[in-house]
Amino acid sequence: MLKGKRALVCGASAGIGRAIAIHLSQLGVEVWALARRTERLKSLHSYGIHSLVADLDDREEAERRVREQLPFHILINNTAGPKSGALLETDEDEFIRAFGRHVLMSHRLVRLALPGMIELNFGRIINIISTSVYEPIPHLGVSNTIRGAMASWAKSLSRELPPCVTINNVLPGFTDTERLQSLQQTRADTMGVDAESVREEWLKQVPLKRIAQPDEIARAVSLLLECSYVHGVSLAVDGGRLRSI
C-alpha cells in the first residue's frame, strides 16, 4: 500500500524523525527528509532518501522549499521539542517560538500538501507529539502546553479533511534519542544527582522496564499509515507508562 508513495518527513536528521525516514524508505516510499542540518541529512542518502534543508522556525522559507517538491501522499509533522523548565520561569517568547514551530508550521504544511493529496486520492498526516497530551510531564511546561495544542488542532482538523485523507498523532514515551539524553542530563543537574539515577527513576514508570528505540516509534507510524479507517486518534507508544485508559 505504501510502496511508491511520496513522503515528507520533518525533523528527519536525528532521533525519531530519522528512524521514520529510514523505515519508510525501506518500505518502498520515496522519502524527502526535511531538517536544518545539512551534513546529517547527507547521511540519509545511502538509504535513497532525498534531502530538503530548511529551518521550521523560518516558516516562509520552509514553505517555499517544500512547495518545490510537491505533491506528497504522506506528511510527517515532527520537530524538536521546546526546552525544559517550569512554566512560571518561562518567558512568553518561548511559548510563541514553540507554537510557531509546531502548530503554525504544521498547519502551513497541511494546507500546502492537501490539494495534492486530494488530487492523488490518498493522504496520510501523522503528527509526532508526546504522551503529555494525556498526562503532563513534570518540568516540561511549554512542551506540555504546545503538545496539547497540537492534539486539539489535529482532532479539529480531522472533522474537516476529505475522506481520502486521514490525520493521526503518535505519542512517544521515553525514547532513546539525543533529546531524551539532554532532558535526562538537565534533570540530573537540577536534582543534583547523576544522569543514570534519573534514567532508573524513569524506568520505574514503564511496565516494559526499558526505553523505546526510535525504530519502534517508526513502526507505529507505518501502522497508522497503512490503516485507512483510523482517523483523529492519538496513539501512545510508551511501553504502558500512561496510567489513563
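Residues numbered from 1 in each chain as written. Predicted model: local features only at pLDDT ≥ 70, side-chain atom pairs only at ≥ 80, totals over all residues. Heavy atoms only, no water.

**Concerning the layout of surface pockets**
When its volume is computed, the second largest pocket comes out at roughly 160 Å³. Lining the second largest pocket are K83, S84, G85, A86, E89, T90, D91, D93, E94, R97 and V142. Counting residues per element, the lining of the second largest pocket draws most heavily on helix α4 (residues 92–120), at 3 residues. Residues that form the lining of the second largest pocket fall into these classes: 2 nonpolar, 3 polar and 6 charged. (1 Å grid on protein atoms, 1.4 Å probe; cavity = no way out; pocket = protein on both sides within 12 Å on 5 of 7 lines; lining within 4 Å. Points joined across faces, edges and corners; volume = space filled by probe spheres on them. Helix = DSSP H or I, 4+ residues; strand = E, 2+ residues; numbered from the N terminus. Nonpolar A, V, L, I, M, F, W, Y, C, P; charged D, E, K, R; others polar.)

**Description of the pattern of salt bridges**
Within the structure shown, the criterion is met by 14 salt bridges. Residues E60 and R108 are paired through a salt bridge, measuring 3.1 Å at the closest nitrogen-oxygen approach. Placement of the pair is E60 in helix α3 (residues 59–67) and R108 in helix α4, with a sequence separation of 48 residues. In this structure R108 comes out as partly exposed when scored by relative accessible area, which is 25%. Residues R210 and E216 are paired through a salt bridge, measuring 2.8 Å at the closest nitrogen-oxygen approach. (Salt bridge = Lys/Arg side-chain N within 4 Å of Asp/Glu carboxyl O. Buried < 20%, exposed > 50% of the residue type's maximum accessible area, 1.4 Å probe, protein only.)

**Focus: the pairing of strand β4 (residues 74–77)**
Residues of β4 alternate between two faces, with I74 and I76 on one and L75 and N77 on the opposite face, all of them buried. Sheet analysis places strand β1 (residues 6–10) next to β4, joined by 3 bridges and oriented parallel. Within β4, the residue paired with A7 across the bridge is I74. Relative to strand β5 (residues 123–128), β4 is paired through 4 bridges, and the arrangement is parallel. Pairing of L75 across the sheet is with I125, part of β5. Regarding topology, α4 serves as the crossover connection from β4 to the parallel β5, and that connection is right-handed. (Pairing = 2+ DSSP bridges. Right-handed = clockwise from strand over helix to strand, strands pointing away.)

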